[in-house]
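If you want the building blocks of each chain, they are given just below.
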Amino acid sequence: MSFSVRVNGEDFDAEPRAGQCLRTYLRERGWFGVKKGCDAGDCGACTVQVDGEPVHSCLYPALRAEGRAVTTVEGLAEEGGELHPLQRKFLDAQGFQCGFCTAGMLMTASAFDEEHLADLPRALKGNLCRCTGYRAIEDALRGVRHTERPCAGRAVGRSPGAPAGPQVVTGTARYTFDVEVDGLLHMKLLRSPHPHARIRSIDTSDALRVPGVVAVFTHEDAPDRLYSSARHEHPTEDPDDTRVLDDVVRFVGQRVAAVVAESEGAAEEGRRRIVVDYEQLPYVLDPEAAMRPGAPVLHPKGPDSRIARPGENVCGEAHGELGDVERGFAEADLVYEETFRTQRVQHASLETHGCVVYFEPDGEPDGEREGEQGGEPGEERLVVRSSTQVPFLTRRALCDLYDLPPERVRVVAGRVGGGFGGKQEMLTEDIAVLAALRLRRPVKLEFTRAEQFHGATTRHPFTVTVTLGARSDGTLTAVRFRVVANTGAYGNHGPAVMFHSIGESMGVYRAPHKQVDAYSVYTNAVPAGAFRGYGLGQVTFALESAMDELARRLGLDPLVLRERNVIGPGEHMAGPLGEEEDLHIASYGLDQCLGVVRTALAGDTSAELAPEGWLVGQGFAMAAIACGPPGGHFADATVKLLEDGTYDVAVGTAEFGNGTTTVHQQITAGALGTTVDRIAVRQSDTDLVRHDTGAFGSAGTVVAGKAVLRAADALAERILTFTSEYARTSRGLLRLTAEAVDCDGRTVSLKEVFEAARGRGVELAADGHFGGSPRSVAFNSQWFRIAVDPDTGEIRILRSVHGADAGKVMNPLQCRGQVEGGVAQALGATLFEQVLVDDRGEVTTAAFRRYRLPAFADVPRTEVHFSETSDEIGPLGAKSMSESPFNPVPPAFANALRDATGIRFTEAPFLRDKVWLALDEHRRRSGSR
């Protein structure tokens, strides 16, 4: 039987493999706009149209496409290359951030009729987005335009579209695995079925007999070196407790062996045939139990590993006191104490972790060869194409691990399909490089969605006991925290998250007496890692909930209580561990953020939207966060004039929907008096750009952006100085314009300036650097009005309002998108997201259908209000705003829920059944039933 399918107007007759899905069939033929997000029909990233009907191609058998017409996003454009109207609308509204879901969204929505558009929650139920909060997607579908046209010299403060937008909406943006590599081998990992065990032996003989299996790697093949999978500028921030492959496994899901084969199917079969003899060991899942005498010790390592107390499973700890808290509580008219708990949350970036490792000929890369393999052994350099937020730190770690000189290793991050801190880790590159170096062939390792749950990291679960003392007028007398963070089986980010969690959360309030005892604790569970907010969100949930309850018990307005105790402009954020000397309130918008809440309360009529008989309540919370991590976050940038009169910006930070590429264009355009479309940005490639610590800690604008600004300002001065000499015109009379230098009425094109400089041996380029210090502080507030059905526990959000102090807002459209996306992600963690583990620590929610992500129907449109401030430290007055919107959302919702129900919920998430059970118990106790 002959097979034929027509894809985007092109006929293919290659018969699918037995059981092959349409997604892999299409991607193998170069249609990379078809994305892999879940392999289970849950996310919609793989949506294509078959005879005009949208289908999830990961579930659609390729054989069923026989004789049919298949359209992918690459074929959506109209004849002549004109964009489809919906593609244009997504550009006009910028209905994407990382863009990994966009192709699937377009292929679903381009088939909509008026009935679908009238019920978008139902029409989009099969397509998930982790970044945007869905408002921008709805606006795109409604034809709302937000992006602005390029404007010379006035880019900052405007909203030009993302430079990669046309590639995103046409499916030509290249994410990590959107490359073709000759001779590619596929890796699959065998993972531990036990929470704690020692490997006695591994028999790989049967696996090696599988046709197509090339090699199997075990702990005997891996370097005997300890390191951390966490990536920081200073590696000593993290404990060295990890090996590439270990003879001791410490959680269900830890990698045990790696099978490399000519196909994924062969690698999977080889994995199934490995036989491992384990000696099972005692395990512990509760962090409090893990610290008690007699608990199983996970990491009996020496002081060189930088583990605080290995024998007690304490990965890191912090203790301190400011003043005398017992005296402070004695002076209080009211002391309130409560324990709050937060759960594990998955980053759920739609592009899973993974990398492609290959070899390229030695020599300067041209930026166009990504994914091409070439060169002979001995003339090659190692290339790691990875879904990472930290390409430079990953290169450093790989070089240290395998004794490789940096000049022989190139790490490239293509467009990254979401990160949220989860890709500030080295979870795949280390083992894929091991195989590539041994086999001298290219190797691909791509996590499945289940592996993302079992083998990647989560947000740290926290238990926080807050004790507050206050006088009757609401003045705080003392604050005490006891914090226990469950870091799981490995300490990557554990100490750093713990330290960060107690910094700005305690420092934002004045109190003469403060005390903290904090612990990051090992358990035999899936490791935790960096996650948006980096610990602050967990402790802010506890503190802001406690502050709300304190106000209620004192009979005070919760807003007045905050205003009475928050730090003011120019004050230092004092805490029990001392002040961070480089942290300053260089601009103050907290009063405006609280003013947003006051205004929302004053004019709110949303309670009228509640169904009859439902309980209605409102609540708010606030948060502060440092603009960048402590200890230095470094960025280098180079800006140069090109032959055609345009500019090139080289900066190391990665783009994964954070919008830094657009902002860097805007900064450069403003400094050079040109338009953003005349600026090309090269980034996140260790060969093409200079060092950058990475895209984390909200550093893309405030650190990398400042380096770009310094480089652009220096280049502007260099161009004007050279042109002054060349045109024999006073420097003070010269002005840069979009395409030329205005020399007191005479115009000298930038092309002419470039040629003149080249003729004299002068390169018109400049470098910029920023070390991430000093740092400023950003503020946020969140307010909700909600309604609760007392008979079912269902919760509806009637109104959502957010105040954001981002300093000078560089790109209002993108910044609002960051806020909306942060609120949406936080609502998921507040209402239903939770990584569940069983009594052995095994993750039981390892698929999107068991781990509920916010869908279109779950997310309200959040009103975003920016404070009018300009920061003394940030570039052109800007502050960070990618992490901070998350932090006040859970406590604001908890406070609204308390107002509606009269019940203080202390443990997230606030599941519908949990709310109903609490209401039922409350009714029985009050005798109302």
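For clarity, every value in this text was computed on a predicted model and none was experimentally measured.

Draft legend 1. Highlighting the sheet that holds strand S23 (residues 647-651). Spatial strand order, S24-S23-S22-S28: four strands in an open sheet with mixed pairing. Each edge of the open sheet carries a strand with a single partner, namely strand S24 (679-683) and strand S28 (765-770). With strand direction ignored, the average angle separating the axes of adjacent strands in the sheet is 15°. Together, strand S22 (635-641), S23 and S24 form the strand contacts of helix H20 (residues 660-672), whose direction differs from that of S24 by roughly 135°.

Draft legend 2. Up close: the packing of helix H17 (residues 536-554) against helix H24 (residues 889-901). Where H17 contacts H24, the two axes come as close as 8 Å, and the packing angle between them is 30°. Judged by the twist between their axes, the crossing of H17 over H24 is right-handed. Counting all contacts with H17, which are made through Thr540, Phe541, Glu544, Ser545, Asp548, Glu549 and Arg552, the residues of H24 involved are Pro890, Pro891, Ala894, Asn895, Arg898 and Asp899. Taken together, the residues of the contact of H17 with H24 break down into four nonpolar, three polar and six charged.

Draft legend 3. A look at the state of the cysteines. Applying the stated criterion to the full structure yields zero disulfides. Free cysteine Cys46: the closest other cysteine sulfur is in Cys58, separated by 3.7 Å. Note on Cys399: no disulfide assigned, nearest cysteine sulfur contributed by Cys355 at a separation of 15 Å. Overall, the relative accessible area of 7% leaves Cys399 in the buried class.

Draft legend 4. Highlighting the pairing of strand S19 (residues 476-488). Burial of S19 is extensive: eleven of the 13 residues sit out of reach of the surface. Two elements, strand S18 (residues 462-470) and S19, share nine bridges in a ladder whose sense is antiparallel. Counterpart to Leu468 in the pairing with S19 is Val479. Pairing analysis gives ten bridges linking S19 to strand S20 (residues 513-522), with the strands arranged parallel. Residue pairing in the sheet places Asn486 in a bridge with Val521 of S20.

Draft legend 5. Region of the structure containing the packing of aromatic side chains. By the definition in use, this model includes 14 aromatic pairs. Both rings, one in Phe100 and one in Tyr175, keep their centres 5.2 Å apart while their planes meet at 85°; by these two values the pair is edge-to-face. In this pair, Phe100 is assigned in the loop between helix H2 (85-93) and helix H3 (102-109) and Tyr175 in the loop between helix H7 (165-170) and strand S6 (185-191), connecting sequence segments 75 residues apart. Of the two residues examined, Phe100 and Tyr175, each falls in the buried class. Aromatic pair Phe893 and Phe910: ring centres 6.4 Å apart, planes at 20°, arrangement stacked. Of the two residues, Phe893 sits in helix H24 while Phe910 sits in the loop between H24 and helix H25 (912-926), which places them 17 residues apart along the sequence.

Parameters and conventions
Residues numbered from 1 in each chain as written. Predicted model: local features only at pLDDT ≥ 70, side-chain atom pairs only at ≥ 80, totals over all residues. Heavy atoms only, no water. Pairing = 2+ DSSP bridges. Helix = DSSP H or I, 4+ residues; strand = E, 2+ residues; numbered from the N terminus. Axes fitted to C-alpha atoms, helices over the stretch in contact; angles between N-to-C directions. Contact = heavy atoms within 4.5 Å. Left-handed = near helix turned anticlockwise from the far one by under 90°. Nonpolar A, V, L, I, M, F, W, Y, C, P; charged D, E, K, R; others polar. Disulfide = S-S within 2.5 Å. Buried < 20%, exposed > 50% of the residue type's maximum accessible area, 1.4 Å probe, protein only. Phe/Tyr/Trp six-rings, centres within 6.5 Å; stacked < 30°, edge-to-face > 60°.

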